[in-house]
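# Inside the fold
Single-letter residue listing:
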Amino acid sequence: MKLFGFCALLLFKVTLGDACASGKFTESGQCCSLCPAGSGVEVECGKEDTKCTPCPQGTFSSSEGLGSCLPCSKCPPSVPTLATCSAAQNTQCECDNGFFFLSDHGLCAPCSKCTHGQGVVQECGPKGNTKCQICGPGTFSEEHISTKPCQTCTQCSDSEVEIRACMPNSDTLCMDKKLHILSRPALNGAEGTDAASWPTVQEAMAEGESSPSPGTPKFTPQDEGGSNNILAYVSVPAAVVLGLLVYVAYKCWRSCKQKKALSKARAAELGASPEGEKLQSDSGVFLDSQSLQDNQPSKGTKRDSKQDNRLYINLPPHRQEEVERLLQEGGGRGWRQLGAALGYEPEQLDLFGRGEAPAHTLLSNWAQKEGSTLGLLCSALARIERPDVVSGLNCPTQGVSVV
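Residues numbered from 1 in each chain as written. Predicted model: local features only at pLDDT ≥ 70, side-chain atom pairs only at ≥ 80, totals over all residues. Heavy atoms only, no water.

### Regarding the side chain of serine 22
- Within the secondary structure layout, serine 22 lies in the loop between helix 1 (2-15) and strand 1 (39-43).
- On the basis of relative accessible area, serine 22 is assigned to the buried category, the value being 17%.
- Reaching out from serine 22, the side chain makes a polar contact with the backbone oxygen of cysteine 32 at a distance of 2.6 Å.
- Not counting chain neighbours up to four residues away, the residues in contact with serine 22 comprise Cys31, Cys32, Leu34 and Leu66. (Helix = DSSP H or I, 4+ residues; strand = E, 2+ residues; numbered from the N terminus. Buried < 20%, exposed > 50% of the residue type's maximum accessible area, 1.4 Å probe, protein only. Polar contact = N/O pair within 3.5 Å; in protein donor to acceptor, adjacent residues only side chain to side chain. Contact = heavy atoms within 4.5 Å.)

In structure tokens, the structure reads:
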């Protein structure tokens, strides 16, 4: 009997599963209620229905659910507060254009962009990051990096024929009905001969034409138009390919010419240098003596940086822009290596890398921290071997001392 009651209760839950918003049931089979926005779960659903309680001060719950109230976020010192935290809404911080406040990490992160075949359903801003959705029936988006909603598909007109239906990542493809290509008629007596395309002798005489000789095919005006269309379709790609080949040949010729000029210039600079003569005779590679000296490791030298207690945030804007430019162009020793030297986790650096100016995002976020001095920044730059950026900061240094 108990087994029968359990099976009946299970069947009842499965039948009403779609109608129950929470997807959970009490032991008696009642659908568990969701706590409204601004309140959290005090007693979980089990023997009895869910019991909710209003979120206390300093916590919030922005949507219905079966979870507890979450602690309110705080805006960084340099980011203004757009709206204070309430029971039904988290703190909203006013980040720069193209950024949104990431409450889990307490920083302004770059906005995401929708990919090919997706459209924006919520723009990036104070309410959070960009929300994308795959374009539904009747809509499309052909942009690879999209910040716009999906567009409505094009409808072919009565004079056009649809040759490809609209898809999420491409619009409808239509073609004029008159732009069709007709094949040539088969020879007289061959299989598949279309008798309608062959005029009779009387029709040919009426049109002032001579009768066709045996075995000679006759082409209608439609066939001539089809041949012209074929020539047009073939000639355009051929012209494009020919232009590309000429362009590639020109670029190769110019590159070879520049390499020869560079080799002559380096040979002239080397002169009678033993290193240059040896390398030239052995491998044909030219290196000047200064490059050989630069590549040698400096032994017995030590360079110490004085501690500069000036804050990076007080650095003039044009100096900050120069530092960001050098780090952005640093390649293998750029802003990502500097972030690791400053103590950032790889996940945070990946967030910075999603934006268009990750070096600016990194330094702006680091400048908001306590103790972000030029001395610490110069030490981190020295560890990743970027003396050019240290020079751009004009950090005070001691002279080179021989140990």
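### Remarks on the packing of helix 6 (residues 317-328) against helix 9 (residues 358-367)
- The N-to-C vectors of helix 6 and helix 9 enclose an angle of 125 degrees; their axes lie 8 Å apart at closest approach. The angle between helix 6 and helix 9 places the two elements in the oblique class. Between helix 6 and helix 9 the crossing geometry is right-handed. Counted together, Val323, Glu324, Leu327 and Gln328 of helix 6 and Pro358, Ala359, His360 and Leu363 of helix 9 form the full contact between these two elements. (Axes fitted to C-alpha atoms, helices over the stretch in contact; angles between N-to-C directions. Parallel < 35°, antiparallel > 145°, perpendicular 65-115°, else oblique. Left-handed = near helix turned anticlockwise from the far one by under 90°.)

### Digging into helix 8 (residues 346-353)
- Within helix 8, burial applies to Gln348, Leu349, Leu351 and Phe352. Projected down its long axis, helix 8 carries its buried residues within an arc of 155 degrees, all on one side.
- Contacts from the buried residues of helix 8 go to strand 7 (99-102), strand 8 (107-110), helix 7 (335-341) and helix 9. (Arc of directions from axis to C-beta.)

### What to know about the state of the cysteines
- Overall, the coordinates contain 12 disulfides when judged by the stated rule.
- Across a sulfur-sulfur distance of 1.9 Å, cysteine 20 and cysteine 31 are joined as a disulfide pair. When the S-S torsion is 85 degrees, as for the bridge of cysteine 20 with cysteine 31, the disulfide is right-handed. One end of the pair, cysteine 20, is in the loop between helix 1 and strand 1; the other, cysteine 31, is in the loop between helix 1 and strand 1, with 11 residues separating them in the sequence.
- Using a relative accessible area of 28% as the deciding quantity, one classes cysteine 31 as partly exposed.
- Two residues, cysteine 156 and cysteine 174, share a disulfide whose sulfurs are 1.9 Å apart. Taking the sign of the torsion about the S-S bond as the criterion, the disulfide between cysteine 156 and cysteine 174, at about -85 degrees, is left-handed. Remark: cysteine 174 occurs in strand 14 (residues 173-176) and cysteine 156 occurs in the loop between strand 12 (151-152) and strand 13 (160-164); sequence separation between them is 18 residues.
- The thiol of cysteine 252 is not disulfide-bonded; the next cysteine sulfur, from cysteine 256, is found 6.6 Å away.
- For cysteine 252, a relative accessible area of 45% gives the class partly exposed. (Disulfide = S-S within 2.5 Å.)

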